[in-house]
Amino acid sequence: MTEIEIFLIYDGTPKSFLLIPQSDIQRLAIYPFRWLRYVMFAICGARGDLSTTPEGPYVNYDRTEFADAETRCYYWPSEDCAFVDHQGLHDQLTSTEQTPCRSGFRSDVMRRDGPTCVVTQERKELCDAAHLIPWSKGDEYILRVIQLRSSRDTSAPLASSDVGIDNIRNGISLRKDLHSKLGRGAIAFIKTPNYGLLPEHIRRLQRGDLRADYITLHCAHPDFDLALFPSLLEAGANVDALFQGDGDSPPSTLILDYVYGVAAYNAWQSKFDGDFEVMKQYHDKHYKGLHTDPSDETYDPHRSQKHSRTGRRDERENDLAKAMDRLNRYVMHIRGITPEEAAERRQKEIEQEERAAQEASRNKVMEWMKDQDIN
């Protein structure tokens, strides 16, 4: 199998960075050099150019094939790198219906995307409102990503009110098994046009009306189970997402690029020690300590980690809440309130709690920004 090795010119030295099977490049891109430049941009957070020799010149991006002797490319960043976190994805997923705030996130995503999976078009009962950057990373983490990479985002910038982990621009409606694949980095979404790519530069099956931009599913691993999607076989599962809701506040280009970069790096990293050390050092400096193990049930992603508290008080409060729920159900039974009426009242309460939780989350993020002296 022919592989293309990508070297990153970092501190004046070429470092072996990615090793991508040529079959994967052909599977995902029509213009391979344009796509490779985008992949390096997504991982490094820095614009740049490619050459096929350490001395240059830059490649002709309109070429659609590699020459027989071309097995290496060199990426020359034109600005400082803002690398992705190589630990930015994981497969420990969480429900979007466990708390009022997260059920509100689900409602927002379903309203924008429609009551179906944007890939398979299956009904919402089979779908999750998936977080692009995982929920367990928390508000501080997504704020850090935006802080490090916002200057490289040529699309509409994210406002400070958009930085919460439960913001709709960090979400997308996916069937549950696709949510799991997104969490493992097996799939990611690419938005075009972007830095270096137009929609016609990648392999994709266009669906829906003509638009100014498209969000397309890409599979990082060729062993993606296409048997699950017989209607998508023709496109190799590289299909445009269909958004059939109101379309307001689409997924952020910055976040889509970031998640695509994490998935690409983990799928094709070259495994050389020098390469990984660069990523590890950047992780330790900028991302380490900003999130907690998602299996910790006491974890609150909207609370600053340095102020997190657990203990018996939380357990007592949970027990008290459960007892109050049982009491409320008994009182409603005595008063003759039907389950439908109770559900309607509860939905109104959830909406009120959601608004309060979102406002509290926004205030905490703004306080953290002030503490960190972030403009």
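Structure first, text after, so check above.
Calculation rules
- Residues numbered from 1 in each chain as written.
- Predicted model: local features only at pLDDT ≥ 70, side-chain atom pairs only at ≥ 80, totals over all residues.
- Heavy atoms only, no water.
- Helix = DSSP H or I, 4+ residues; strand = E, 2+ residues; numbered from the N terminus.
- Buried < 20%, exposed > 50% of the residue type's maximum accessible area, 1.4 Å probe, protein only.
- Contact = heavy atoms within 4.5 Å.
- Areas by Shrake-Rupley, 256 points an atom, 1.4 Å probe, with all protein chains shown as cover.
- Axes fitted to C-alpha atoms, helices over the stretch in contact; angles between N-to-C directions.
- Parallel < 35°, antiparallel > 145°, perpendicular 65-115°, else oblique.
- Nonpolar A, V, L, I, M, F, W, Y, C, P; charged D, E, K, R; others polar.
- Salt bridge = Lys/Arg side-chain N within 4 Å of Asp/Glu carboxyl O.
- Polar contact = N/O pair within 3.5 Å; in protein donor to acceptor, adjacent residues only side chain to side chain.
- Pairing = 2+ DSSP bridges.

Caption draft 1: Layout of the overall build of the protein chain. Counting secondary structure elements, the protein chain contains nine helices and eight strands. Relative to its full complement of 375 residues, the protein chain shows a buried share of 49%. In the protein chain, 75% of the contacts between residues at least 6 apart in sequence involve partners at least 24 apart. A total accessible area of about 18700 Å² is found for the protein chain, and carbon and sulfur atoms account for 48% of it.

Caption draft 2: Expanded view of the packing of helix α4 (residues 138–149) against helix α6 (residues 253–268). Two elements in contact, α4 and α6, have axes whose closest approach is 11 Å; the angle formed by their N-to-C orientations is 95 degrees. Taken together, α4 and α6 sit at an angle that is classed as roughly perpendicular. Between α4 and α6, the contacting residues are Tyr141, Ile142, Val145, Ile146 and Arg149 on the first element and Leu254, Ile255, Asp257 and Tyr258 on the second. For the contact of α4 with α6, a count of residues per class yields seven nonpolar, no polar and two charged.

Caption draft 3: Spotlight on the pattern of salt bridges. Scanning all chains against the criterion turns up 15 salt bridges. Look at the salt bridges and you will find they share partners, linking Asp108, Arg111 and Asp246 into a network.

Caption draft 4: Molecular detail of the packing of helix α2 (residues 32–44) against α6. It is at 7 Å that the axes of α2 and α6 come closest, and there the two elements cross at 105 degrees. Judged by the inter-axis angle, α2 sits roughly perpendicular to α6. Of the residues in α6, those in contact with Trp35, Tyr38, Val39, Phe41, Ala42 and Ile43 of α2 are Asp257, Tyr260, Gly261, Ala264, Tyr265 and Trp268. For the contact of α2 with α6, the per-class residue count stands at ten nonpolar, one polar and one charged.

Caption draft 5: Local environment of the environment of Ala264. Tracing the sequence through the fold places Ala264 in helix α6. Judged by relative accessible area, which is 2%, Ala264 ranks as buried. The sequence separation of Ala264 and Ala42 amounts to 222 residues, and the corresponding C-alpha distance is 8.5 Å.

Caption draft 6: Structural context of the side chain of Arg112. By secondary structure assignment, the location of Arg112 is in helix α3 (residues 100–113). Within the structure, Arg112 has its side chain in polar contact with the backbone oxygen of Ser249 (distance 2.9 Å).

Caption draft 7: Region of the structure containing the pairing of strand β4 (residues 72–77). Direction of pairing for strand β1 (residues 3–10) relative to β4: parallel, over a ladder of four bridges. Within β4, the residue paired with Glu5 across the bridge is Arg72.

Caption draft 8: Examining the environment of Leu148 more closely. Its place among the elements puts Leu148 in helix α4. With residues up to four places along the chain from it excluded, the contact list for Leu148 reads Ala82, Tyr282, His286 and Tyr287.

Caption draft 9: Up close: the environment of Gly261. By the secondary structure assignment, Gly261 is in helix α6. Between the alpha carbons of Gly261 and Gly88 there is a distance of 9.7 Å; along the sequence they are 173 residues apart. Excluding residues within four positions of it along the chain, Gly261 makes contact with Ala42, Ile43 and Val84.

Caption draft 10: Inspection of helix α5 (residues 176–184) at higher detail. Of the residues making up α5, those classed as buried are Leu178, His179, Lys181, Leu182 and Gly183. Contacts made by the buried residues of α5 are with β5 (127–131), β6 (171–175), β7 (187–192) and α6. Two residues or fewer after α5 comes Gly185, characterised by a positive phi angle close to 80 degrees.

From the geometry alone we can't say anything about function, so treat these as descriptive.
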